[in-house]
Amino acid sequence: MNTTSAPLVQTLTRFFWTVTFVITAIALLSFRDATTSKAQTATVSAQDVQLWSRLNSGPIITIFGDGSILASSCQSCPSQIISPGTGITINPNYPGVPGAALALPSIRLSNSEQDLVIGGWENQWGFSKDGTQEWVKPVGCCNSASLPWAIDATTNRAYMVGGVLNGLGQIDMSSGLYNNPGPFTFPTFAWSAEPVFVSMTASDNFYLAARTGWVARLSPFNTTQWQTTVELNAALQPGAVAADGSLVVTSGAPHFNAESLPPQPGRLARILSDGSIVFNNFISAVTPPVIGGNGLIFVGLHPAPLNANGTGTIAAYDLNGNQVWSTQVQGLPNDLLVGDDGAVYAGTGAFNSGTLYVLDQNTGAIRKAITGVPGVWEMKLRAGVLYAAGSAVTALKVDAVNYDSQSPWPLRFHDNQRTSNRMAPILNPPRRSEEHTSE
């Protein structure tokens with residue numbers, strides 16, 4: 001053997017083992033990445049990630065400034081857990097503190113411990129957090145009186161529509177006195193006493209979405225700019241305001257409709273502030289829309305006939321109405337919210353048993369499915385904990401800390417206090433301690 005070739009052989013040998021090592025390392029890294037990816041899309045049980053779950057709490061949840069939860073009932077819920085107009089206050093760390101709640105309430109935050117709760121059934125009530133009654137106003141029985149008020153903290157006024165008064169009215173939140181001159185009703189609208197959702201874009205600019213299928217804009221408060229129909233005699237869900245000030249709305253009766261109308265698949269529409277309709281498409285929508293910081297509209301879909309345990313879809317649309325992605329999910333979609341982790345959270349299923357899906361906002365890929373949740377009819381997110389409400393209120397640990405601060409309308413009633421006001425600040429507390437375990 002030629003001795004001059006020995007160094008070459010050694011060099012080739014070293015090269016061979018170096019390449020082998022690099023290939024092996026890449027393979028291991030790929031395996032680790034694949035394992036991580038698989039873990040991200042894993043199905044987990046609610047009991048494995050929950051901090052606690054409290055049965056018979058009331059399925060409507062609103063959050064006080066200190067993180068305590070107000071849980072109440074509704075007239076049309078599948079199970080009358082507690083009678084309308086009553087409820088409990090839940091401490092996020094130690095569930096079980098009794099209190100008061102009112103149908104679909106709104107909460108005005110305070111600099112003190114006494115946040116103001118506004119809501120009711122038949123009459124409207126103002127209560128301090130400790131249950132002290134501040135005022136009561138008669139606004140009519142059994143319709144819009146059960147819907148949340150749109151709260152404007154900058155003017156200390158709150159707005160709602162309906163009751164026997166048949167119009168958009170405003171009150172001073174401290175006194176409960178009507179804050180507008182003249183009658184509560186405005187002749188520019190010939191409404192029946194029906195549930196109407198109010199969405200604010202500014203202190204004197206309002207969108208209204210009605211049970212009978214029309215959308216209107218009032219600007220200023222007592223001036224009708226326009227009224228248009230999205231779907232004749234079809235209940236509209238709470239509207240979401242996009243970053244450009246346009247309104248995005250779906251039809252189909254919401255779960256907490258005061259008239260107990262069953263949810264129906266419906267349309268998705270976007271209307272500009274001048275009343276021009278950008279699109280109005282039937283997509284079998286069953287949830288109110290939410291809009292992410294990426295500008296996409298997220299909606300839950302389900303074809304008729306609706307089945308709580310059937311196969312649904314979470315879909316994303318751009319602002320021109322084009323579908324960007326769609327992902328099949330198990331169960332009827334109930335509620336959506338947008339997290340600050342690049343995910344859209346979707347609750348599906350029946351009132352007493354559901355699944356929480358975590359989907360990538362840009363692609364629709366399922367990151368995680370949390371099964372066995374005792375109901376995900378509504379969701380609220382705060383400090384790294386998602387509160388799912390149905391036959392129980394369940395606190396679930398999630399990757400998102402709070403709502404996406406770049407999202408113009410991240411959840412059903414805009415924030416944890418249900419202000420329905422796009423300009424209201426969204427609280428962003430740090431991730432809460434996880435030292436408390438399941439009950």
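Just so it is clear, the structure is predicted and the values come from calculations on it, not from any experiment. (Residues numbered from 1 in each chain as written. Predicted model: local features only at pLDDT ≥ 70, side-chain atom pairs only at ≥ 80, totals over all residues. Heavy atoms only, no water.)

Engineer: What's the story with the confidence of the model for the protein chain in this structure? I'm lost.
Structural biologist: Segments scoring low in pLDDT should not have their predicted coordinates read at a detailed level. For the protein chain, the mean per-residue pLDDT works out to 79, and 72% of the residues sit at or above 70. Across residues 79–86, confidence stays below pLDDT 50; counting only partners more than four residues off in sequence or on other chains, it has 26 contacts. (pLDDT = per-residue confidence, 0-100. Contact = heavy atoms within 4.5 Å.)

Engineer: Explain the environment of P303 to me, please; I cannot follow it from the model alone.
Structural biologist: For P303, the location among the structural elements is in the loop between β22 (297–301) and β23 (311–317). Exposure remark for P303: the relative accessible area of 47% places this residue in the partly exposed category. In this structure P303 touches P265, S284 and T311, once residues within four positions along its chain are discounted. (Helix = DSSP H or I, 4+ residues; strand = E, 2+ residues; numbered from the N terminus. Buried < 20%, exposed > 50% of the residue type's maximum accessible area, 1.4 Å probe, protein only.)

Engineer: Help me out: how do you make sense of the pairing of strand β7 (residues 116–119) in this one?
Structural biologist: Moving residue by residue along a regular strand, the side chains alternate between the two faces of the sheet. Because side chains alternate across β7, one face comprises the buried residues L116 and I118, and the other comprises V117 and G119, equally buried. Examined bridge by bridge, strand β6 (residues 106–108) and β7 share 3 bridges and lie antiparallel to one another. Of the residues in β7, the one forming a bridge with I107 is V117. (Pairing = 2+ DSSP bridges.)

Engineer: It is not clear to me how the packing of aromatic side chains should be interpreted in this structure. Could you clarify?
Structural biologist: Working definition: an aromatic ring pair is given by the centre-to-centre distance plus the angle between the planes. Overall, the coordinates contain 6 aromatic pairs when judged by the stated rule. Relative to W226, the ring of Y207 has its centre 6.2 Å away and its plane inclined at 50 degrees; by these criteria the two rings are tilted. Highlighted residues: Y207 in strand β14 (residues 205–210) and W226 in strand β16 (residues 224–229), separated in sequence by 19 residues. You can call W226 buried: its relative accessible area is 11%. (Phe/Tyr/Trp six-rings, centres within 6.5 Å; stacked < 30°, edge-to-face > 60°.)

Engineer: Even after reading the chapter, I still don't get the sheet that holds strand β10 (residues 150–152), so can you show me in this structure?
Structural biologist: Strand pairing in a sheet takes place through backbone hydrogen bonds and is either antiparallel or parallel in direction. Strand order in the open sheet formed by 3 strands is β10-β11-β12, with antiparallel pairing between adjacent strands. The outermost strands of the open sheet, each flanked by one partner alone, are β10 and β12 (168–172). Each strand axis lies, on average, 25 degrees off the axis of its neighbour in the sheet, ignoring direction. Summarising the sheet, β10 and strand β11 (residues 157–161) pair through 3 bridges and their orientation is antiparallel. Within β11, the position partnered with A150 by the bridge is Y159. (Axes fitted to C-alpha atoms, helices over the stretch in contact; angles between N-to-C directions.)

Engineer: Help me out: how do you make sense of the pattern of salt bridges in this one?
Structural biologist: A side chain with one charge may pair with a side chain of the opposite charge, provided their charged atoms come close. For the structure shown, the criterion picks out 5 salt bridges. The partner of D244 in a salt bridge is R270, with the nearest N and O atoms 2.5 Å apart. With D244 in the loop between β17 (240–241) and β18 (247–250) and R270 in strand β19 (residues 266–271), the pair connects residues that are 26 residues apart, well separated along the chain. Relative accessible area serves as the criterion here: at 46%, D244 is assigned to the partly exposed category. We classify R270 as buried; its relative accessible area is 6%. Measuring nitrogen to oxygen at the nearest pair gives 3.2 Å for the salt bridge that ties D360 to R367. Residue classification places R367 among the partly exposed residues on the basis of a relative accessible area of 25%. (Salt bridge = Lys/Arg side-chain N within 4 Å of Asp/Glu carboxyl O.)

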